[in-house]
Amino acid sequence: MLATINVFPVVLGFLLLTPPLFGQPGATAPANLGKPFVLGVIDELPSKLLGEKRILNIYLPEGYNQSDTARYPVIYLLDGSADEDFIHVVGLVQFNNFSWINRVPKSIVVGIANTDRRRDFTFPTTIEEDKKRFPTTGQSARFIRFLETELQPFIESRYRTTTARTLIGQSLGGLLATEILFKKPALFNRYIIISPSLWWDNGSLLRQNPAVLHPSFAPKTAVYVGVGKEGLAPGSIPHVMEVDANLLVEKLKTAQNRNLTIHFDYLPQEDHGTITHQAVFNAFRLLYPLGNN
């Protein structure tokens, strides 16, 4: 049984998010500038697994009606706080919903706000220097259980969803998305993996033999991997981000599994800080080719 949650509107006022709703620093729009612009809702989900409340920023597509029969795919967004990637990714989803574009199906977006992304997005490392530099890391297994046993059931019981689920993760979020693809691939149908921090634990994830590569893995799964011109990773052992992303794609392409589709996208004009928006846009073009929606 899930605990009671609190729901608040997500609003924009004078194009500034209201700080109490998102916990953001900055100015509040003056009250005399008109009505708020409603972007979605905020759910507050107490997690027994994580031992804390997690903020979920929820975007509901145009025409969503809880009493209607229509159901919608769900896009789960890591780094989904208002001051992270929620707003601009929602904009891309809404843009691709326009009737004259009609590329991405109308979807619910669940932005998972962070409390400690290094803790949640990394598995334990064997590199002593990185343990000292990042002392809270190594709890991704618990966070994946949270996604599987608390978050997804909550979203599917509360909102009108289909079984189509997409995961978007960048940097350490891309590392987590890759770990889920390798260890719990059926949790999502589509993976958008951007600039993944595969250098973690000296690239140990790339040495695994994941089930998604085997012929017996049946669910149809599409994977987008995007990387910019990013250079050396920040770990204590030298890794080049572009090289690791290519190694991931080459590994996925060895799959003896016709149900796995792989897209690789090199964006040389983007770096680690600028890549997310363009990569998500490109991913939507590749994962939802026109005529298939």
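Residues numbered from 1 in each chain as written. Predicted model: local features only at pLDDT ≥ 70, side-chain atom pairs only at ≥ 80, totals over all residues. Heavy atoms only, no water.

### Points about unusual backbone geometry
The test is simple: The helix count covers DSSP runs of H or I at least four residues long, the strand count covers runs of E at least two residues long, and both are numbered beginning at the N terminus. Think of it in three bands: with a 1.4 Å probe and only protein chains considered, a residue is buried below 20% of the maximum accessible area for its type, exposed above 50%, and partly exposed in between.
Of note in the backbone geometry, aspartate 79 takes a positive phi value of approximately 55° without being a glycine. Following the sequence through the fold, aspartate 79 ends up in the loop between strand 5 (72-77) and helix 2 (86-97). The exposure class of aspartate 79 is buried, given its relative accessible area of 5%. Positive phi values are uncommon outside glycine, yet asparagine 102 reaches one of about 50°. With respect to the helices and strands, asparagine 102 occurs in the loop between helix 2 and strand 6 (108-112).

### Quick word on the environment of leucine 151
Convention followed: We call two residues contacting when some pair of their heavy atoms lies within 4.5 Å.
With respect to the helices and strands, the residue leucine 151 is situated in helix 5 (residues 140-158). Spatially, the C-alpha atom of leucine 151 lies 9.7 Å from that of arginine 54, the residues being 97 residues apart in sequence. Excluding residues that lie within four positions of it along the chain, leucine 151 makes contacts with Leu45, Leu56, Tyr76, Ile112 and Phe146.

### Some thoughts on helix 2
Along an α-helix, residues three or four apart share an orientation, since each turn contains 3.6 residues. Applied cut-off: A helix is expected to span 1.5 Å multiplied by its residue count minus one. By arc we mean the arc of the directions from the helix axis to the C-beta atoms, nothing more.
Compared with the 16 Å implied by 1.5 Å per residue over twelve residues, the 17 Å span of helix 2 between its first and last C-alpha is a close match. Along helix 2, the residues that are buried comprise Phe86, Val89, Val90, Leu92, Val93, Asn96 and Asn97. In a view along the axis of helix 2, the buried residues occupy a sector of 155°, so they form one face of it. Summarising the contacts, the buried residues of helix 2 are in contact with strand 3 (37-47), strand 4 (52-59), strand 5, strand 6, strand 7 (161-170) and helix 8 (275-287).

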